[in-house]
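# Analysis of the macromolecular model
Okay, here's what each chain looks like letter by letter:
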Amino acid sequence: MKTTKRLVSSAIFLTFAGILLTACGGKDIEEVTAEPGENIYSTAEFSIIYPQDWEILEQETFPSLVPHQTVVAFRNNIKDEIFTANVNVSKTTLETEINAEDLAKSTMSKIRTTLLDVREFPLLEHDKGILMEFQGRKSPAEPIIHFKSLNVISNTYAYTITGAYLPTEDESVVMKMERMIDSFTLN
């Protein structure tokens, strides 16, 4: 029980990494190809396509509030005074066996207790895991943020790829973020 609570807490922190950053098996890599205006960010563990004009934030440049599970974040080059759209990739070591759907359900349960004005959308199966979509705000004074998050389980690791943006975000930015989430591939 303690391990499950720790895992859910880690997943919550991963989901909120997008807020913190702006406030301060899968397919083979051969199947992932960048279109004009895109680049591929690749590590020994995963690859993800991102817009070439977006800023890349790696662990050594994170503000201190970003959870240590966050591996990399991508931030829209068009900054907004209220909130800047971003996508982050986080990795957590699993201490117990859990599937992506159970992880998503546990995470969503915790989110309901930590965010205000939460609106949930149905969980969706994705070819790589489970896709969560929800929105909420941290406090009454803050704007509502929309989240799309892909939970992928690989052996003893959980990868969470989360896009965060204002509900009024330009559709082209939302499409770029969805492309990023969909392009996540384990190497």
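We now turn to the structure provided with this report. (Residues numbered from 1 in each chain as written. Predicted model: local features only at pLDDT ≥ 70, side-chain atom pairs only at ≥ 80, totals over all residues. Heavy atoms only, no water.)

On to the overall build of the protein chain, then. What the protein chain contains, in helices and strands, is three helices and eleven strands. Across the protein chain, helices and strands are ordered from the amino to the carboxyl terminus as α-β-β-β-β-β-α-β-β-β-β-β-α-β. Across the 187 residues of the protein chain, 48% fall into the buried class. When the accessible surface of the protein chain is split by element, carbon and sulfur atoms take 50% of a total near 9400 Å². (Helix = DSSP H or I, 4+ residues; strand = E, 2+ residues; numbered from the N terminus. Buried < 20%, exposed > 50% of the residue type's maximum accessible area, 1.4 Å probe, protein only. Areas by Shrake-Rupley, 256 points an atom, 1.4 Å probe, with all protein chains shown as cover.)

Attention now goes to the packing of aromatic side chains. Here the structure, examined in full by the defined rule, presents seven aromatic pairs. For the ring pair tyrosine 41 and phenylalanine 74, a centre distance of 5.6 Å and an interplane angle of 85° mean the geometry is edge-to-face. Remark: phenylalanine 74 occurs in strand β4 (residues 70–75) and tyrosine 41 occurs in strand β1 (residues 38–42); sequence separation between them is 33 residues. Of the two residues, tyrosine 41 and phenylalanine 74, neither departs from the other in class, the shared state being buried. Seen in terms of ring centroids, tyrosine 159 and phenylalanine 184 are 5.8 Å apart; in terms of plane orientation they differ by 45°. Their pairing is tilted. With tyrosine 159 in strand β10 (residues 157–165) and phenylalanine 184 in the loop between α3 (171–183) and β11 (185–186), the pair connects residues that are 25 residues apart, well separated along the chain. With respect to burial, tyrosine 159 and phenylalanine 184 carry one shared label: buried. One aromatic cluster is present, built from ring pairs that chain together Tyr41, Phe46, Tyr50, Phe74, Tyr159 and Phe184. Stacked on the ring of tyrosine 157, the Lys or Arg lysine 91 has its end atom at 4.0 Å from the ring centre. (Phe/Tyr/Trp six-rings, centres within 6.5 Å; stacked < 30°, edge-to-face > 60°. Lys NZ or Arg CZ within 6 Å of the ring centre and 35° of its normal.)

The next subject is the side chain of arginine 137. Looking at the secondary structure, you find arginine 137 in strand β8 (residues 129–137). Assessed through its relative accessible area of 18%, arginine 137 is described here as buried. Only 2.8 Å separates the side chain of arginine 137 from the backbone oxygen of glutamate 142, close enough to count as a polar contact. Ignoring any residue separated from it by four or fewer positions in sequence, one finds arginine 137 in contact with Leu115, Leu116, Asp117, Glu142, Pro143 and Ile144. (Polar contact = N/O pair within 3.5 Å; in protein donor to acceptor, adjacent residues only side chain to side chain. Contact = heavy atoms within 4.5 Å.)

Shape is all these values report; function is a separate question.
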